[in-house]
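Residue-level structure breakdown
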Amino acid sequence: MRISLKQHSVLPGFGLTLGYTMVYLGAIVLIPLSALFFKTAALSWGEFWGIISEPRVLASYRLTFGASLLAAGINAVFGFIVAWTLVRYPFPGKRLVDAAVDLPFALPTAVSGIALTAIYAPNGWIGRWLEPLGIKAAFSPLGVTIALTFIGLPFVVRTLQPALEELEPEIEEAAATLGASRSQTFRRVILPAVLPALITGFGLAFARAVGEYGSVVFISGNMPMRTEIAPLLIITKLEQYDYAGATAIAVVLLAASFLLILLINLLEWWSSRHHRKGA
Amino acid sequence: MFISRLTNLISGVGLAMAMVYTVAAKADVEILNVSYDPTRELYQDFNQAFAAHWKARTGETVTIQQSHGGSSKQARAVIDGLEAHVVTLALAYDIDALYEKGKLVAKDWQKRLPHNSSPYTSTVAFVVRKGNPKKIKDWEDLVRPGISVISPNPKTSGVARWNYLAAWGYELKRTGGDEAKARDFVTRLYKNVPVLDSGARGATTTFIERGIGDVLINWENEVLLTVRELGKEKFELVVPSISILTEPPVAVVDKVVNKRGTREVAQAYLEYLYTEEGQEIAAKHFYRPRLASVAAKYAHQFPKVELFTIDEVFGGWQKAQKKHFNDGGIFDQIYKPGIQ
Amino acid sequence: MALVVARTVSVRRTLRQSPVDEPRWVQGALIASSLGFLGLFLFAPLAAVFTEALRKGLGAYLESFREPDALSAIELTLFTAAIAVPANLAFGLAASWAIAKFNFVGKSILVTLIDLPFAVSPVISGLIFVLLFGLQGWLGPWLAEQDIKIIFAVPGIVLATIFVTFPFVARELIPLMQEQGTEEEQAALLLGAGGWQTFRRVTLPNVKWALLYGVILCNARAMGEFGAVSVVSGHIRGRTNTMPLHVEILYNEYNFAAAFSVASLLTLLALFTLALKALVEWKRREEVSHALEAAAAEEGR
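Residues numbered from 1 in each chain as written. Chains lettered and ligands numbered in written order. Predicted model: local features only at pLDDT ≥ 70, side-chain atom pairs only at ≥ 80, totals over all residues. Heavy atoms only, no water.

Further remarks concern the overall build of chain B. If you tally the helices and strands in chain B, you get 16 helices and eleven strands. A globule of 340 residues ought to have a C-alpha radius of gyration of about 20 Å, and chain B, at 22 Å, matches this closely. Principal-axis analysis of the C-alpha atoms gives chain B an extent of 70 × 60 × 45 Å. Looking at the 340 residues of chain B, the share that counts as buried comes to 59%. Carbon and sulfur atoms provide 55% of the accessible area of chain B, an area that totals close to 13000 Å². Distance between charge centroids for chain B: 3 Å, based on 44 positive and 39 negative side chains. (Helix = DSSP H or I, 4+ residues; strand = E, 2+ residues; numbered from the N terminus. Rg over C-alpha atoms; globule rule 2.2 N^0.38 Å. Buried < 20%, exposed > 50% of the residue type's maximum accessible area, 1.4 Å probe, protein only. Areas by Shrake-Rupley, 256 points an atom, 1.4 Å probe, with all protein chains shown as cover. Lys, Arg positive; Asp, Glu negative; His and termini not counted. Charge placed at Lys NZ, Arg CZ, Asp CG, Glu CD.)

The next thing to look at is unusual backbone geometry. All names here are of chain A. A positive phi angle, close to 60°, is found at phenylalanine 139, a residue other than glycine. Along the polypeptide, phenylalanine 139 turns up in the loop between helix H8 (127-130) and helix H9 (141-166). The backbone phi angle of asparagine 222 is positive, close to 55°, even though this residue is not glycine. Considering the arrangement of structural elements, one finds asparagine 222 in the loop between helix H12 (214-220) and helix H13 (230-239).

To continue, consider the side chain of Arg208(A). Residue placement: Arg208(A) occurs in helix H11 (residues 182-211). Those residues in contact with Arg208(A) that lie beyond four places of it in its chain are Thr109(A), Ile151(A), Phe155(A), Phe118(C) and Arg221(C). (Contact = heavy atoms within 4.5 Å.)

Here we take up the interface of chain B and chain A. Opposite the 32 residues of chain B that make contact, chain A presents 23 residues. Counting each side, the surface lost to burial between chain B and chain A is near 2400 Å², with a carbon and sulfur contribution of 53%. For the chain B face of the interface with chain A, the top three residues by lost area are Arg76(B), Arg210(B) and Asp327(B), together amounting to 27%. Counting the contacts that link chain B with chain A gives two salt bridges. The shortest N-O distance in the salt bridge between Arg56(A) and Asp332(B) comes to 2.4 Å. Among the elements of the structure, helix H3 (71-79), helix H4 (92-102) and helix H15 (317-325) of chain B are those that each provide at least two residues to the side of chain B that touches chain A. With five residues, H3(B) is the single largest residue contributor to the side of chain B that touches chain A. (Buried area = accessible area lost by both parts, 1.4 Å probe. Salt bridge = Lys/Arg side-chain N within 4 Å of Asp/Glu carboxyl O.)

The tally for this structure, following the rule as stated, stands at 39 salt bridges over all chains. Of the charged contacts, one joins Glu212(A) and Arg208(A) as a salt bridge, the two residues approaching to 3.2 Å between their closest N and O atoms. Taking the relative accessible area as the measure of exposure, Glu212(A) reaches 2% and is therefore buried. The exposure class assigned to Arg208(A) is buried, which follows from its relative accessible area of 7%. With its nearest N and O atoms 2.3 Å apart, the salt bridge here joins Arg40(B) to Asp37(B). Classification of Arg40(B) as buried rests on a relative accessible area of 2%. Using a relative accessible area of 12% as the deciding quantity, one classes Asp37(B) as buried.

Bringing the environment of Ala263(C) into the picture now. With respect to the secondary-structure elements, Ala263(C) resides in helix H14 (residues 256-300). Expressed as a C-alpha distance, the spacing of Ala263(C) and His290(C), which sit 27 residues apart in the sequence, is 41 Å. Residues within four places of Ala263(C) in sequence aside, it is in contact with Val111(A), Val49(C) and Val247(C).

On the surface, Ile31(A), Phe38(A), Trp138(C) and Leu139(C) cluster together into a nonpolar patch covering about 420 Å² of accessible area. The residue Phe38(A) is located in helix H2 (residues 14-40) in this model. Given a relative accessible area of 55%, Phe38(A) falls into the exposed group. (Patch = residues over 30% accessible without salt bridge, like charges linked within 9 Å, V, L, I, M, F, W, Y side chains within 5 Å.)

This part takes up the sheet that holds strand S9 (residues 250-252) of chain B. Residue and element names in this part refer to chain B. Ordered in space as S2-S1-S3-S9, the four strands form an open sheet in which the pairing is mixed. Each edge of the sheet is formed by a strand with only one pairing partner; in this case those strands are strand S2 (62-69) and S9. Looking at each pair of strands side by side, their axes are set apart by 20° on average, direction ignored. Direction of pairing for strand S1 (residues 29-36) relative to S2: parallel, over a ladder of eight bridges. In the strand pairing of S2, serine 35 is matched with histidine 68. Set on the sheet, helix H2 (residues 40-58) makes contact with S1, S2, strand S3 (86-88) and S9; between it and S2 the angle comes to about 165°. (Pairing = 2+ DSSP bridges. Axes fitted to C-alpha atoms, helices over the stretch in contact; angles between N-to-C directions.)

What follows concerns helix H4 (residues 55-88) of chain A. Look at H4(A): 48 Å from first C-alpha to last across 34 residues, which is about the 50 Å you get at 1.5 Å a residue. At Phe78(A), H4(A) shows its maximal kink, close to 25°. (Expected span 1.5 Å × (residues − 1). Bend = angle between axes of the 7 residues up to and from the residue.)

Here we come to the packing of aromatic side chains. When we look at a pair of aromatic rings, we describe it by the centre distance and by the angle of the planes. Overall, the coordinates contain 50 aromatic pairs over all chains when judged by the stated rule. Seen in terms of ring centroids, Phe14(A) and Phe102(C) are 4.6 Å apart; in terms of plane orientation they differ by 50°. Their pairing is tilted. A residue pair is termed interchain when its members come from two chains, as with Phe14(A) in helix H2 and Phe102(C) in the loop between helix H4 (68-101) and helix H5 (107-119). Ring geometry for Trp162(B) and Trp219(B): centres 6.1 Å apart, planes at 80°, overall edge-to-face. Taken together, the residues span a long stretch of sequence, with Trp162(B) in helix H6 (residues 158-174) and Trp219(B) in strand S6 (residues 215-219) at a distance of 57 residues. For Trp162(B), a relative accessible area of 1% corresponds to the buried category. In this arrangement the basic side chain of Lys103(B) is found over the ring face of Tyr99(B), its NZ or CZ atom lying 4.7 Å from the centre. Taking the ring centre of Phe325(B) as reference, the NZ or CZ of Arg161(B) above it sits at 6.0 Å. (Phe/Tyr/Trp six-rings, centres within 6.5 Å; stacked < 30°, edge-to-face > 60°. Lys NZ or Arg CZ within 6 Å of the ring centre and 35° of its normal.)

So, about the interface of chain C and chain A. Across the contact, 98 residues belong to chain C and 101 residues belong to chain A. In this structure, the connection of chain C to chain A is made through zero salt bridges. Top element by residues in the side of chain C that touches chain A is helix H2 (residues 24-53) of chain C. It accounts for 19 residues. Looking at side-chain class alone, the side of chain C that touches chain A contains 71 nonpolar, 15 polar and twelve charged residues. (Nonpolar A, V, L, I, M, F, W, Y, C, P; charged D, E, K, R; others polar.)

Chain-level pLDDT for chain C is 84 on average; 92% of the residues reach the 70-or-more range. Note on the complex model: pTM 0.86, ipTM 0.85. (pLDDT = per-residue confidence, 0-100.)

As structure tokens, this is what we get:
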């Protein structure tokens, strides 16, 4: 330990770079975010609790977290398949597909929202085929899930891809030689190896979805108690000039985001250590 | 190194563009009109007319900047520091907020211009699909089971609040003032609403582009514009027997014009709305003019309706907002769990 | 945020054959379901944007870019990105140097705080700047006295954009620099290079592709941000509307074709970004495989 400390101290610039990091982080992120907490502090605990435990607010949290969880789950399954096919199988147009996976990340959320609504509305390209089946895609909780699946997709694929690429073929071959079937190899060898990446991707998609606003408001229909997401309720409170109420809901969302990101980072840190030990 | 070159290039471009920005902001006088969504077309025309009028009168070139968005959102932006010289919003409640939250206008702002400070009016009407397949004639038809009604969310849209109050007022008038009946009527109405868009124009898009709903509730000027812009062969206007007189108010923002020394031009801008030219432009954009001569000229455009005002039936915006739309108000109670 | 953490590792893949043991029909089924999924969620929206944009023909499509308000929106978007990206680039370099090359207490909290803006709702990202700089906020009254406009003007839009794109460069660099360790820098210092020289000659070339990739992601997000910017913009036509906001405005004017035209321009920007990204990755792979080949040749000797 002493040696490593000494080694590290050889490099210059620690004070300068950390100082700059802290100042910039403080100015751009921490001070503005603290404004949120100070505004909420104007409320007593009772008032704060009253706002965040209102049935409508609770319903919006349920929808926001539920749909985000579901969307992240869909992405975990299909994102896995996408990442797997992109890594393992050759097929025409593969590079194009690979590049397009990042699109939801780069597209403005309002555009995604409008485009998705145009497709999944009852008279849209896909919506018109779902309508006769009795499936209401746009303007329902399903619509919210569709939008959140769209925006979360790159995160799962992009975290899984490298992990899958890193898998040593020898281990799979060894498993096969020892008589394991392909599905056994998958369950016992491949899945455990990429699980940390899968969970990280899932967590990122989930965290991103919880705060999403732009793409959802177009497709959700905004029905109180049914398809009203938490960020919309923040806007609704603001429309009534109720800043404290808006920030109360926001603080809960922010705390959830912070915990999620912290968990993801801890997981990443743990798995990289685990990995290093293994290697 | 290519990275430092890249950075140099980027910051260089940034600097150059910053200079372009400072140069671009030059004009004799400039005022900002902060307005709500469906007035874009109206003010685009009106601004041109006023600029010409002002030039002729004073020789000064006036540039009018425009900002549009949801009425309350716009009011909030002004409270938070958006430097509006005049506001032209959808409801008086939002201009009241400018006084209450930031003392930006005088308390009696509504008395400073004629007709409650609303130079043009409209009313709440319906759009139905061509041939009126569901036979929608009046408010009653909207609460029939199986009718799908499109109206935006009153919590986020000022226009939607007028829609809600029009329905409430209709039932109140019909039943001779029975509040319980009115409440039941509005509850049944909103049971038929499958989508609550956050803004009025979003609701129109849902009805027109997405093909959802049998009837769209909206302001008459918007309905007439919709029918003209998006197809006479596809949609029809239906005017109910009784409706509300919607009075979108305008005001000079005292704090800003005092600071910038633009009171004269801002005041003239709003007063010009009341002149024959201003009224004519409003009428061309399907707003009902206040001036009798212009109203007569455009009478063919506006069907006869029995109109009530918000002051008569609800005792003004402050009361209506508190009772119906604030958190825990009647609109929220309609959507209590279990009722849906 | 391992979004691209192990991208560096991924280059190894090209150097070996991946074993494909699944029966052909399983492969086919997996490819079909992955393309089907992407089709529903990715290519359909993309196609929708261009179909709607071209609905009134190519002439109308091009016409919508000639409108002064559209031009000023494009200009503002480029301007905002031109400030936000270098700012976060400088920050990313400083932060990754401090975090990756040194050990100190509270590092994981610091990394989490850097990541935080990624998960903050855009609505909140805008709101906090209103609370800070708004007339009713902490600094608003003082700023108004000095006649400095932050929100509802270009600085506010830039600030909100910087906030939203805050983590992207740093998070590309930190894992890579951590992986690379400090040996090379130490060697350079031992050989008598100065700190700044070491950074420029040793560290920077080692991370340049990750850096560029971070810049590309950051830029894509900066140009496309809608929610946060919408809160602080004030929506003054031709003045404080960015491209995403202009799309919304056109859409609200029932000018659907023009709205989708501007949207398609943003999509093209996104696609251009993606192409650039693919190029960066390709370059990176090539470089690494050259290095590995050289190493192998050396070993062989």
